[in-house]
Amino acid sequence: MKREKLSQIIWNYRYTHGLSQEKFAEQCGLSKAYISVLEREMDPNTGERTKPKMETYEKLAKGMGMTRDSLISRVEGKEMFTKYYFVKADAHKIPIISIDTNQTIEEMMKNSSEVMTVSDDMYKPEKTIAIKVSDENLAPEIASGDIIIVWLDEKYSDGDFVCVRLIDSKLSCYKVSQQNSNNIILYGNQHMRPVVLDLKISDIRKNIIGKVVCLYRNF
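Now for a description of the structure that goes with this document. Starting from 1, residues in each chain are numbered consecutively following that chain's sequence as written. Totals for whole chains, interfaces and linings use all residues, but because this is a predicted model, local features are given only for residues with pLDDT of at least 70 and pairs of side-chain atoms are given and counted only at 80 or more. Side-chain metrics in this entry use all non-hydrogen atoms of the structure; hydrogen atoms and water are not considered.

1. Looking at the overall build of the protein chain
Strands are runs of DSSP state E lasting at least two residues, helices are runs of H or I lasting at least four, and both sets are numbered from the N terminus onward. For the protein chain, the helix and strand inventory stands at seven helices and nine strands. For the protein chain, the proportion of its 219 residues judged to be buried stands at 45%. Here the analysis covers contacts within the protein chain between residues at least 6 apart in sequence; of these, 57% occur between residues at least 24 apart. Buried residues are those whose accessible area, probed at 1.4 Å on protein chains only, stays under 20% of the maximum for their type, while exposed residues exceed 50% and partly exposed ones sit between those limits. Two residues qualify as a contact provided that any one of their heavy atoms is within 4.5 Å of a heavy atom in the partner residue.

Now the structure itself:
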């Protein structure tokens, strides 16, 4: 997938639909000034490159009649998730655990009766697990019946999806939308409120199980 500039996507849409910045801004629920900033790709107040938040992508996508994930995929130049077909002979068996349980990861792995195979390119010794999704309360594009491959304790960066265990011990998937010296903000689907983890007081290793690296779609 070819990477596209957000500014160009916005301009092309406006040109194709004959919309002024003001009309387009109204359609997206944003200000004309901010649309102008996005098209220039630079904040005039700071001189820095614009970094739209997830809420902005949500509004822009809705205004252009597409999903947030499809818009982000065009900007990042890659699909949000890829379904892998493993054909290598040197495959590894990993446990499949349930996403809705109060057990520890170790207990889930020990009690798992299902396994699946992944190839070397998806396998990290003692780090790789498969989680079968049992409900819809997950990040966009992940649905009940899907299986996600997670690398435990793997480093993640802005834009990655992570598997999270919150206060109620239930496992969920969120997208990292912002990370700085003070906190990390995690976004789920439209029905889930953002979760802010303060790096100063939160046990991140306790809350974030690992990085989601692959999705097997349940067709």
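2. Observations concerning the environment of Met 42
Here Met 42 shows up in the loop between helix H3 (32-40) and helix H4 (54-63). In this structure, Met 42 is in contact with Val 37, Gly 47, Glu 48, Arg 49 and Thr 50, ignoring residues within four places of it in sequence.

3. Some thoughts on the environment of Lys 51
On the secondary structure map, Lys 51 appears in the loop between H3 and H4. For Lys 51, a relative accessible area of 75% puts it in the exposed group. Taking the C-alpha atoms as reference points, Lys 51 and Glu 41, 10 residues apart in sequence, are found 8.6 Å from one another.

4. Quick notes on the packing of helix H2 (residues 21-28) against H4
Lines fitted to C-alpha atoms define the axes, with helix axes restricted to the stretch in contact, and inter-axis angles between N-to-C directions lie between 0 and 180 degrees. Interhelical geometry of H2 versus H4 gives an angle of 110° and a closest axis separation of 8 Å. Judged on the interaxial angle alone, H4 and H2 are roughly perpendicular. Touching Phe 24, Gln 27 and Cys 28 of H2 are Lys 59, Leu 60 and Gly 63, all from H4. Residue polarity is assigned by list, with Asp, Glu, Lys and Arg as charged and Ala, Val, Leu, Ile, Met, Phe, Trp, Tyr, Cys and Pro as nonpolar; anything else, Gly included, falls into the polar class. Class assignment of the residues belonging to the contact of H2 with H4 gives a composition of three nonpolar, two polar and one charged. Angles are sorted into four bins: roughly parallel if under 35 degrees, roughly antiparallel if over 145, roughly perpendicular if 65 to 115, and oblique for all others.

5. Digging into the pairing of strand S1 (residues 92-98)
One ladder, built from five bridges, connects S1 with strand S2 (residues 114-118); its direction is antiparallel. The partner of Lys 93 across the bridge, within S2, is Thr 117. Each pair of strands is called paired provided DSSP finds at least two bridges between the two strands.

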